[in-house]
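Residue-level listing of the chains:
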Amino acid sequence: APAPQRLNSGLPVNIGVLFVPQQEAWVVERMGKFHRILEPGLNFLIPLLDRIRYVQSLKEIVINVPEQSAVTLDNVTLQIDGVLYLRVMDPYKASYGVEDPEYAVTQLAQTTMRSELGKLSLDRVFRERESLNASIVDAINQASDCWGIRCLRYEIKDIHVPPRVKESMQMQVEAERRKRATVLESEGTRESAINVAEGQKQAQILASEAEKTEQINKAAGEANAMLVKARAKAEAIQLLAAALAQQHGSAAASLSVAEQYVSAFSKLAKDSNTVLLPANTGD
């Protein structure tokens, strides 16, 4: 693959007075040997002796990592591409540490990606993309420190799965959805049965409590009625006793008894054909 080219202003000609743009570092050699790095702003050089050998951009660099094939732990071949974000931290190392630092970092990112994917299964590749990106960044920074370049982040753009594997994954997803639907339906049926049983239990408890309350109230009413009747009968007896104690009370009692006797005697033949008469009916 062709080496990615970094944006810079090219190699300017030494005319003695130079203006270095912001976010650029110009590496100057004097008679073929490194002399110094020009800072942004006004700089003075000696024509013919000094030469601007490298121009390094200090801005963040975005590099597309070409699509590559990698094999996962469960032997599935994937096609993966990504985006690499770099920044030149040391212009001297970036100029003299490696011939093409961006190209070297790109190749390192591809090899690291293959190595990291070989440690993961297909399912974990989709779940652990963030950790996979972090692992690639750490591996690149360990190797690119001597190149004066720091990898800021690495992002996976696309993961292409073979068609058959994609169909298998789709079938697996559908089976998982059917399983969850069946589990949810069974749980709903179970909850419904529990709710019905709980409702019946509560209804029986309330009915028994209502029946118990009704019996208690009925017993209390009967007891109160008996007490009221007893009190009324006692008062009647007291009044009767007081009346009998008065003058001519016994005669009045005899008259009341006689009236009741005549009334009872008149009803003897109404309930049965057999009549028992006392011997002294005229008493």
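Residues numbered from 1 in each chain as written. Predicted model: local features only at pLDDT ≥ 70, side-chain atom pairs only at ≥ 80, totals over all residues. Heavy atoms only, no water.

**Q** Describe the pattern of salt bridges, naming the residues involved and giving the relevant values.
**A** Enumeration over the complete set of coordinates arrives at 5 salt bridges. One salt bridge in this structure joins aspartate 50 and arginine 30, with 2.6 Å as the shortest N-O distance. Taken together, the residues aspartate 50 in strand E5 (residues 50-57) and arginine 30 in strand E2 (residues 24-30) connect sequence positions 20 residues apart. The exposure class assigned to aspartate 50 is buried, which follows from its relative accessible area of 4%. Relative accessible area serves as the criterion here: at 27%, arginine 30 is assigned to the partly exposed category. Residues arginine 87 and glutamate 60 are paired through a salt bridge, measuring 3.9 Å at the closest nitrogen-oxygen approach. Of this pair, arginine 87 sits in strand E7 (residues 77-88) while glutamate 60 sits in the loop between E5 and strand E6 (61-71), and the two are 27 residues apart along the sequence. (Salt bridge = Lys/Arg side-chain N within 4 Å of Asp/Glu carboxyl O. Helix = DSSP H or I, 4+ residues; strand = E, 2+ residues; numbered from the N terminus. Buried < 20%, exposed > 50% of the residue type's maximum accessible area, 1.4 Å probe, protein only.)

**Q** Which residues make up helix H4 (residues 129-144), and what values go with them?
**A** The end-to-end C-alpha distance of H4, which contains 16 residues, comes to 22 Å, matching closely the 22 Å that a straight helix rising 1.5 Å per residue would cover. Turning to H4, its buried residues number three or more, namely Leu132, Asn133, Ile136, Val137, Ile140, Asn141 and Ser144. Looking straight down H4, one finds its buried side chains confined to an arc of 165°; they lie on one side. Turning to H4, the residues buried within the fold contact E7, helix H2 (101-117) and strand E8 (149-160). (Expected span 1.5 Å × (residues − 1). Arc of directions from axis to C-beta. Contact = heavy atoms within 4.5 Å.)

**Q** Please set out the environment of phenylalanine 126 residue by residue, giving values where relevant.
**A** Here phenylalanine 126 shows up in helix H3 (residues 122-127). By relative accessible area, phenylalanine 126 is classed as partly exposed at 35%. Sequence spacing of phenylalanine 126 and isoleucine 159 is 33 residues, and the spatial spacing of their C-alpha atoms is 8.7 Å.

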